[in-house]
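So the chains spell out like this:
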Amino acid sequence: MAHPVRKAVFPVAGLGTRFLPATKAMPKEMLTVVDKPLIQYAIEEAAAAGIEEFILVTGRGKQALEDHFDRAPELEGVLETRGKSDALASIRDYIPADGAVKYVRQPTALGLGHAIWCARHLIGDEPFAILSPDDMVIGGAPCMKQLVEAHEETGGNVVAVMDVPREETSRYGILDTPNAEDRLAIIEGLVEKPAPEDAPSTLSVIGRYVLLPEVFSHLDRHETGAGGEIQLTDAMAHMIGKAPFHGLRFEGTRFDCGTKEGWLAANLSQAMLRPDMRAGAEAAIAAAQSIREN
Ligand code: UTP
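A. How the structure looks around the site of the ligand. Within the structure, the ligand sits among 19 residues, and T17, R18, E29, Q106 and G111 are positioned closest to it. A distance of 2.8 Å separates an oxygen atom of the ligand from a polar backbone atom of A13. Note that an oxygen atom of the ligand is positioned 2.8 Å from one of the backbone N or O atoms of G16. A total of 560 Å² of accessible area belongs to the ligand in isolation, and the protein chains cover 85% of it. Looking at the shell around the ligand, its residues break down into nine nonpolar, six polar and four charged.

Laid out in structure tokens, this is it:
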């Protein structure tokens, strides 16, 4: 039986350059979708998958992320006095148990692989999850829950995958697989950001992974890859053939909230799904359309 997945790493030390100037003084992972920051969605998704330890890899200028997972006694006092119980619950209920959120720093943003490597001492020798908060999955069962269940089925490494247009393969980690159409694609190769003509498929890895701890021995080498960064994809590629490695076609729609377009689409989609926001979202779309037409 596969070892249970109890720990998750949240890489949040990136510079967020595609979202400047918004991310000059504010972490990208604190951008809100409707009324919650991206990091909160990711933590809640992990908790729904049974994760008990939440490890944030932070860096310079990311203080707001830590504050978001602390209690706020003054604000709570004010809300209590005013009888605002819903607002009070909204700032308390998402905070994991004391000691369950841990922080480790990535001193320099050398790439996603390096960020994950910075968490190695807190993971130890067990399979673990990774959630990239700027990838948001809306609809379906919580994406990480789907991955953890797939891991229980297959053991080994499991990553969430989706089809992308061939002209966009150079933005993603792409699978080489003999059964791209199946729910669980067997991974025989992984290529980071291939040109469309070199891409072995159009099945791309998104920011949800369950990996074996062996990945750290490959990250130890600090090899740089695409864009001069230490890439997680390259370390994962070294594990192919040594243990089962699958790509799960998850249920739900993924939004790349690290881009303005993806973030906007996530906001509209999430608002449409919320009974308290649907009418407001429809009115906003109608208003935007009339501005465009006039
Ligand atoms: P991205 O590449 O999407 O984030 O990494 P970025 O580098 O911050 O964004 P751009 O490209 O400059 O706009 C995915 C996740 O990995 C984290 C980011 O914070 C993000 O959540 N990351 C990335 C790190 O923690 N450290 C890094 O060195 C790079």
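B. Layout of the nonpolar core. In this structure, F10, I39, L56, M144 and F250 are the most contacted members of the largest nonpolar core, which totals 39 residues. Counting residues per element, the ones that place at least two in this core are β1 (7–11), α1 (38–48), β4 (53–58), β6 (128–131), α7 (143–154), β8 (157–163) and β12 (203–211). Here the element with the most residues in this core is α7; it accounts for five residues. The contact partners of F10, leaving out residues within four places of it in the chain, are I39, A42, I43, A46, F54, I55, L56, V57 and L131. Core analysis: the second largest hydrophobic core is formed by 32 residues, A119, F128, L190 and F216 among them.

C. Spatial organisation of the packing of helix α3 (residues 73–81) against helix α4 (residues 85–92). Between α3 and α4, the least distance of the axes is 8 Å, while the angle of their chain directions is 155°. With respect to each other, α3 and α4 are oriented roughly antiparallel. For the pair α3 and α4, the sense of crossing is left-handed. Touching L75, E76, L79 and E80 of α3 are A87, L88, I91 and R92, all from α4.

D. Up close: the pattern of salt bridges. In the structure shown here, the tally under the stated rule is 21 salt bridges. Here R92 makes a salt bridge to E76, at a shortest N to O gap of 3.0 Å. Of the two residues, R92 is situated in helix α4 and E76 in helix α3; the sequence distance between them amounts to 16 residues. Overall, E76 belongs to the buried group, its relative accessible area being 6%. R249 is the salt-bridge partner of D163, the closest N and O atoms lying 3.2 Å from each other. Linking D163 in strand β8 with R249 in strand β13 (residues 245–249), this pair joins segments that are 86 residues apart in sequence.

E. Focus on the state of the cysteines. Applying the stated criterion to the full structure yields zero disulfides. C257 takes part in no disulfide bond, and the closest cysteine sulfur, belonging to C143, lies 13 Å away. Overall, the relative accessible area of 0% leaves C257 in the buried class.

F. Looking closely at the packing of aromatic side chains. Inspection of every chain in the model, using the stated rule, returns four aromatic pairs. Centre to centre, the rings of F19 and W263 are 5.7 Å apart; their planes meet at 90°, and the pair counts as edge-to-face. Of this pair, F19 sits in the loop between β1 and β2 (32–33) while W263 is found in helix α10 (residues 260–273), placing the two residues 244 residues apart along the sequence. You can call W263 partly exposed: its relative accessible area is 24%. For the ring pair F69 and Y94, a centre distance of 5.8 Å and an interplane angle of 80° mean the geometry is edge-to-face. With F69 in the loop between α2 (63–68) and α3 and Y94 in the loop between α4 and β5 (101–105), this residue pair connects regions lying 25 residues apart in the sequence. A residue is classified by how much of its surface remains accessible, and F69, at 6% relative accessible area, is buried. Over the ring of Y41 we find K36, and its NZ or CZ is 4.7 Å from the ring centre.

Conventions used here
- Residues numbered from 1 in each chain as written.
- Predicted model: local features only at pLDDT ≥ 70, side-chain atom pairs only at ≥ 80, totals over all residues.
- Heavy atoms only, no water.
- Near = heavy atom within 4 Å.
- Polar contact = N/O pair within 3.5 Å; in protein donor to acceptor, adjacent residues only side chain to side chain.
- Areas by Shrake-Rupley, 256 points an atom, 1.4 Å probe, with all protein chains shown as cover.
- Nonpolar A, V, L, I, M, F, W, Y, C, P; charged D, E, K, R; others polar.
- Core = buried A, V, L, I, M, F, W, Y, C linked by side-chain atoms within 4.5 Å.
- Buried < 20%, exposed > 50% of the residue type's maximum accessible area, 1.4 Å probe, protein only.
- Helix = DSSP H or I, 4+ residues; strand = E, 2+ residues; numbered from the N terminus.
- Contact = heavy atoms within 4.5 Å.
- Axes fitted to C-alpha atoms, helices over the stretch in contact; angles between N-to-C directions.
- Parallel < 35°, antiparallel > 145°, perpendicular 65-115°, else oblique.
- Left-handed = near helix turned anticlockwise from the far one by under 90°.
- Salt bridge = Lys/Arg side-chain N within 4 Å of Asp/Glu carboxyl O.
- Disulfide = S-S within 2.5 Å.
- Phe/Tyr/Trp six-rings, centres within 6.5 Å; stacked < 30°, edge-to-face > 60°.
- Lys NZ or Arg CZ within 6 Å of the ring centre and 35° of its normal.

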